[in-house]
There are 2 protein chains.
Amino acid sequence: MHADQIDQGATEPRSPHQPRRRYPKGELRRQQILDRTVEVFAELGFENTSLRAIGEAIGVSHAALRRYFDTREELFLEVLREKDRQALAEALEHELLPVDLASGLEAYAAGAPGLMALRHSMVARAMEPDNELSRAFFTDRYRSLRGEAAHTLALGRAAGTVRGDLPLEVLASLVIAAMDGLSTQWLLEPEVPMLDGMHALEQLLRPPGSATS
Amino acid sequence: MHADQIDQGATEPRSPHQPRRRYPKGELRRQQILDRTVEVFAELGFENTSLRAIGEAIGVSHAALRRYFDTREELFLEVLREKDRQALAEALEHELLPVDLASGLEAYAAGAPGLMALRHSMVARAMEPDNELSRAFFTDRYRSLRGEAAHTLALGRAAGTVRGDLPLEVLASLVIAAMDGLSTQWLLEPEVPMLDGMHALEQLLRPPGSATS
DNA sequence: GTCTATACAGGGATAGAC
DNA sequence: GTCTATCCCTGTATAGAC
């Protein structure tokens, strides 16, 4: 679902301005740009992370970046896509999906405030008119997240830790919303106990008669 | 708490570039700028809502706007401050605080998607380094929102509709987070049932033994 | 007090040379 | 694949008209 754009070794024609990326050099350069972008963004923020600033951090001109990404927006989206892929790969390696919601939030916020800030900026863009690319990315992403949450909740239901009197899809949406909103408050003010909020939600989700912990 | 900057008729000296605004014309112009900014933003989005675009919508040069607002960021923040004041005034008029969380969300999202998108853009900025003005505004705002939510929850507790085994502040943070996150998903994809999510949270908050509705 | 005109540094996008 | 040069747009700043 997430990785619908894997194309290593493909030889078919492709959309204009999307480089072939069959050669190691271009592939490495592309990855370097993505990595540096995160770093520069964490330091300078959305407005100041210009193509020129990223290029300077790498040692190339801003125009060179456009061989790999059509626009700044696409570059940023690709950074987020890449991080999602990494997170998914890591989750599959460590175990299957996290049964614990709070640990899911930690993975979600991912210890990288800069990355979360980038996500927030891009989500905001996606709500605006004439931003089809960003909107498509995030509607997809939230759909995926809700699906994963629904799955985790279903497991909890089977294990007796999640009550069964409310629709799964609604609860899934609520869980994702709580993660989003709690991380927002936490990023603004680190004293806000983000994990306590998530644990509270876990408590609320328990069936009425079950044990307190 | 919210209205800490009411200064009509004040005669004290003020910070540089903040006009006195004792004269009706300037006051009206200022209000006009705030109103038009929301409209232009709803149509064009964050990037394209330039000072020049706003000025053009009013019939004034972009430089004129700076008589009223030091920077674009401050203009946007003032738009949000103004909307918060209006919402507060309206809430006080219609009744005291909303006892119903779901209706609170409707007031929160406020039927104005453009405004919510502006809020999201500005919150994102507030998380980044070197954005003290935005950060101060939103930490304040979230503190206020959590306070109001805690108050509403306390009333619910007294009325027997909110369980008493979890700390109020944590639940308040969770409630605000849910509003934020649900409105995000809803703005991206209007089919997502925002109010259902909030009603589900209300159900979850009920004491274990209480009636289902 | 209110506003226009103007200048400036920096941004993303782009064309064409190498 | 990368560069330089260029286009038009942006926020900010200042000078001076009225």
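Keep in mind that this is a model prediction, so the values were computed, not measured.

Reading the values: the criteria
Residues numbered from 1 in each chain as written. Chains lettered and ligands numbered in written order. Predicted model: local features only at pLDDT ≥ 70, side-chain atom pairs only at ≥ 80, totals over all residues. Heavy atoms only, no water. Helix = DSSP H or I, 4+ residues; strand = E, 2+ residues; numbered from the N terminus. Buried < 20%, exposed > 50% of the residue type's maximum accessible area, 1.4 Å probe, protein only. Contact = heavy atoms within 4.5 Å. Areas by Shrake-Rupley, 256 points an atom, 1.4 Å probe, with all protein chains shown as cover. Least-squares fit on C-alpha atoms with pLDDT ≥ 70 in both. Near = heavy atom within 4 Å. Polar contact = N/O pair within 3.5 Å; in protein donor to acceptor, adjacent residues only side chain to side chain. Nonpolar A, V, L, I, M, F, W, Y, C, P; charged D, E, K, R; others polar. Axes fitted to C-alpha atoms, helices over the stretch in contact; angles between N-to-C directions. Parallel < 35°, antiparallel > 145°, perpendicular 65-115°, else oblique. Left-handed = near helix turned anticlockwise from the far one by under 90°. Expected span 1.5 Å × (residues − 1). Phe/Tyr/Trp six-rings, centres within 6.5 Å; stacked < 30°, edge-to-face > 60°. Lys NZ or Arg CZ within 6 Å of the ring centre and 35° of its normal.

Undergrad: Would you mind showing me how to read the overall build of chain A here?
TA: For chain A, the count of helices and strands is 9 helices and 0 strands. Put simply, chain A runs from its N terminus to its C terminus through helices and strands in the order α-α-α-α-α-α-α-α-α. Out of the 213 residues belonging to chain A, those deemed buried represent 46%. Summarising the internal contacts of chain A: among those between residues at least 6 apart in sequence, 63% fall at separations of at least 24. With the model as given, the accessible surface of chain A reaches about 10,800 Å², and the carbon-plus-sulfur share is 54%.

Undergrad: How should I be thinking about the relation of the copies chain B and chain A in this particular structure?
TA: For the pair of chain copies, the relating transformation is a rotation about an axis with a translation along it. Expressed as a screw transformation, the operator carrying chain B onto chain A has a rotation angle of 180 degrees and an axial translation of 0.0 Å, and the superposed copies differ by an RMSD of 0.1 Å. The transformation relating the two chain copies, once decomposed into turn and shift, fits a two-fold axis. Looking at the interface residues of chain B, 100% of them are also at the interface in chain A, so both copies use one shared face.

Undergrad: Help me understand the protein's contact with DNA strand D in this model?
TA: Around DNA strand D, a shell composed of 19 residues is seen, among which A:Ser61, A:Arg67, A:Tyr68, B:Arg52 and B:Arg66 lie nearest. Of everything in DNA strand D that lies within 4 Å of the protein, sugar and phosphate atoms constitute 52%. Between B:Arg52 and DNA strand D, the recorded distance is 2.7 Å, taken from a side-chain N or O atom to a base nitrogen. Contact distances for DNA strand D include 2.9 Å between a base oxygen and a side-chain N or O atom of B:His62. Secondary-structure elements contributing two or more residues to the surface near DNA strand D are helix H1 (24-48) and helix H3 (62-65) of chain A together with helix H2 (51-58) and helix H3 (62-65) of chain B. Looking at the surface near DNA strand D, its residues break down into 6 nonpolar, 6 polar and 7 charged.

Undergrad: Would you mind showing me how to read the packing of H1(A) against helix H2 (residues 51-58) of chain A here?
TA: Residues and elements named next belong to chain A. In contact at an axis separation of 9 Å, H1 and H2 are set at 125 degrees when each is read in the N-to-C sense. By the angle between their axes, H1 is oblique relative to H2. The chirality of how H1 crosses H2 is right-handed. Between H1, through Arg29, Gln32, Ile33, Arg36, Thr37, Val40, Leu44 and Asn48, and H2, the contact on the second element is made entirely by Ala53, Ile54, Ala57 and Ile58. Its residues placed into classes, the contact of H1 with H2 shows 7 nonpolar, 3 polar and 2 charged.

Undergrad: Looking at this model, I keep getting lost on the packing of helix H8 (residues 168-188) of chain B against helix H9 (residues 194-205) of chain B. Mind explaining?
TA: Packed helices, taken two at a time, are described by the angle between their axes plus the distance between the axes. Residue and element names in this part refer to chain B. With their axes 9 Å apart at the nearest point, H8 and H9 run at an angle of 160 degrees to one another. Relative to H9, the element H8 lies roughly antiparallel. Like other packed secondary-structure pairs, H8 and H9 cross with a definite hand, here right-handed. Taken together, the residues of H9 that come into contact with H8 (itself represented by Leu171, Val175, Ala178, Met179, Leu182, Ser183 and Trp186) are Met194, Gly197, Met198, Leu201 and Leu205.

Undergrad: It is not clear to me how unusual backbone geometry should be interpreted in this structure. Could you clarify?
TA: Only a minority of non-glycine residues have a phi that is not negative, and only a minority of peptide bonds are not trans. Although it is not a glycine, A:Asp130 sits at a positive phi angle of roughly 60 degrees. Secondary-structure assignment places A:Asp130 in the loop between helix H6 (113-126) and helix H7 (132-159).

Undergrad: How should I be thinking about the protein's contact with DNA strand C in this particular structure?
TA: Taken together, the neighbourhood of DNA strand C is formed by 22 residues, with A:Arg52, A:Arg72, B:Arg29, B:Ser61 and B:Tyr68 sitting nearest. What you see for DNA strand C is that sugar and phosphate hold 55% of its atoms within 4 Å of the protein. The contact in question runs from a phosphate oxygen of DNA strand C to an N or O atom on the side chain of A:Arg66, over 3.2 Å. In this structure, B:Gly26 approaches DNA strand C through a main-chain N or O atom, which is 3.1 Å from a phosphate oxygen. Those elements giving two or more residues to the surface near DNA strand C turn out to be H2 and H3 of chain A together with helix H1 (24-48) and H3 of chain B.

Undergrad: Where do I start with helix H4 (residues 72-94) of chain A in this structure?
TA: Because an α-helix packs 3.6 residues into every turn, residues spaced three or four apart end up facing the same way. Residues and elements named next belong to chain A. Between its terminal C-alpha atoms H4 stretches 33 Å, which fits the 33 Å expected from 23 residues at 1.5 Å a residue. Every buried residue of H4 is listed here: Leu75, Phe76, Leu77, Glu78, Val79, Leu80, Arg81, Glu82 and Asp84. As for H4, its buried residues are in contact with H1, H2, H6 and H7.

Undergrad: Would you mind going over the packing of aromatic side chains with me for this structure?
TA: Given two aromatic rings, their pairing is described by the distance between the two centres and the angle made by the two planes. Summed over all chains, the structure comprises 8 aromatic pairs over all chains. Ring geometry for A:Phe137 and A:Phe138: centres 4.8 Å apart, planes at 80 degrees, overall edge-to-face. Of the two residues examined, A:Phe137 and A:Phe138, each falls in the buried class. Taking the centre distance of 6.2 Å and the plane angle of 85 degrees together, the rings of B:Phe41 and B:Phe46 count as edge-to-face. Of the two residues examined, B:Phe41 and B:Phe46, each falls in the buried class. Site record: aromatic cluster; members linked through ring pairs are A:Phe41, A:Phe46 and A:Phe76. Across from the ring centre of B:Phe46, 4.6 Å away, lies the NZ or CZ of B:Arg72, which sits over that ring.

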